[in-house]
Amino acid sequence: MATDAPPPSKPQPTLPSTEEFVEVQASAEFGELRHSHRSFAFPLTVGFILWYLLYVLLSNYAGDFMGTKLFGNINVALVLGLAQFLTTFLIAWWYSRHAATQLDPKAEAIKTRMEGGA
């Protein structure tokens, strides 16, 4: 049965001031969170860009190599091209796992504290 009563309201979190944001940004805990993110994301980004550029350069300048048939109509270029998609999905999955285990708990603790929950 439906009732006309509104659902119970949740208390609204208090909004931090600009000074509190600046203070948290300068804290060691936030610095550790930023370091954890950057030390994971930046090397993977650079590695993937280099891998992508290698594929592009090989496609442009090593046509004979890329055209080498591996089996049937499957050549090196096709395998490396499909590997680009595979590495994209693997990196996304790996980052998602890293964020869920390493970044999200730290960020949630900072957010809770800033909203007055702790």
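The preceding data block contains the structure.
In this text the structure is predicted, and so the values were computed from the model without any measurement.

Secondary structure summary: the protein contains 4 helices and 2 strands in total. Counting from the amino terminus, helix and strand elements in the protein follow one another as α-α-α-β-β-α. Computed over C-alpha atoms, the radius of gyration of the protein comes to 24 Å, more than 25% over the 13 Å expected from 2.2 N^0.38 for 118 residues, which places it beyond the range of a compact globule. C-alpha extents for the protein along the principal axes are approximately 70 × 50 × 20 Å. In the protein, buried positions account for 16% of the 118 residues. Each charge sign in the protein was given a centre, from 8 positive and 10 negative side chains, and these centres are 10 Å apart.

General note: in soluble globular proteins, nonpolar side chains tend to be found buried as a group. With 6 residues, the main nonpolar core is built from Val24, Leu33, Ala99, Leu103, Ile110 and Met114. The element best represented in this core is helix H4 (residues 76-114), accounting for 4 residues. Setting aside its immediate chain neighbours within four residues, Met114 contacts Thr14, Pro16, Glu20, Phe21 and Val24. In terms of nonpolar packing, the next biggest core, distinct from the first, is built from 5 residues, Met66, Val76, Ala77 and Leu80 among them.

A few words on the pattern of salt bridges. In this structure the tally under the stated criterion is 2 salt bridges. Here Arg113 and Glu29 are joined by a salt bridge, their closest N and O atoms 2.1 Å apart. With Arg113 in helix H4 and Glu29 in helix H2 (residues 28-61), this pair connects stretches of sequence that are 84 residues apart. Look at Glu29 and you get partly exposed, because its relative accessible area is 32%. The partner of Glu32 in a salt bridge is Lys106, with the nearest N and O atoms 3.2 Å apart. Taken together, the positions of Glu32 in helix H2 and Lys106 in helix H4 put the pair 74 residues apart, joining distant regions of the chain. Here Glu32 falls in the partly exposed class, since its relative accessible area comes to 45%.

All chains considered together, the criterion is met by 2 aromatic pairs. Measuring from ring centre to ring centre gives 5.1 Å for Phe40 and Trp94, while their planes differ by 80 degrees; the resulting arrangement is edge-to-face. Taken together, the residues Phe40 in helix H2 and Trp94 in helix H4 connect sequence positions 54 residues apart. Exposure remark for Phe40: the relative accessible area of 11% places this residue in the buried category.

What counts, and at which threshold
Sequence order as written defines the numbering, with residues in each chain counted from 1. This being a predicted model, a pLDDT of at least 70 is required before a residue's local features are given, and a value of 80 or more before pairs of side-chain atoms are given or counted; all residues contribute to the totals for chains, interfaces and linings. Each side-chain value is derived from all of the structure's non-hydrogen atoms; neither hydrogens nor water enter the calculation. Numbering of helices and strands starts at the N terminus; helices are DSSP runs of H or I of at least 4 residues and strands are runs of E of at least 2. Radius of gyration: C-alpha atoms only; globule rule: 2.2 Å multiplied by the number of residues to the exponent 0.38. Only protein chains enter the accessibility calculation, which uses a 1.4 Å probe; a residue whose area is less than 20% of its type maximum is buried, one above 50% is exposed, and one in between is partly exposed. Positive charges come from Lys and Arg, negative ones from Asp and Glu, while His and the chain ends are left out of the count. Lysine's charge is taken at NZ, arginine's at CZ, aspartate's at CG and glutamate's at CD. Residues grouped as a nonpolar core are buried Ala, Val, Leu, Ile, Met, Phe, Trp, Tyr and Cys residues, joined through side-chain atoms within 4.5 Å. In this description, contact between two residues means that some pair of their heavy atoms is separated by no more than 4.5 Å. Only one rule defines a salt bridge in this text: a Lys or Arg side-chain nitrogen within 4 Å of an Asp or Glu carboxyl oxygen. A pair of Phe, Tyr and Trp rings is counted when the ring centres sit within 6.5 Å of each other, with Trp represented by its six-membered ring. The angle between the planes then sorts it: under 30 degrees is stacked, over 60 is edge-to-face, the rest tilted.

Spatial relationships are all this shows, so hold off on functional conclusions.
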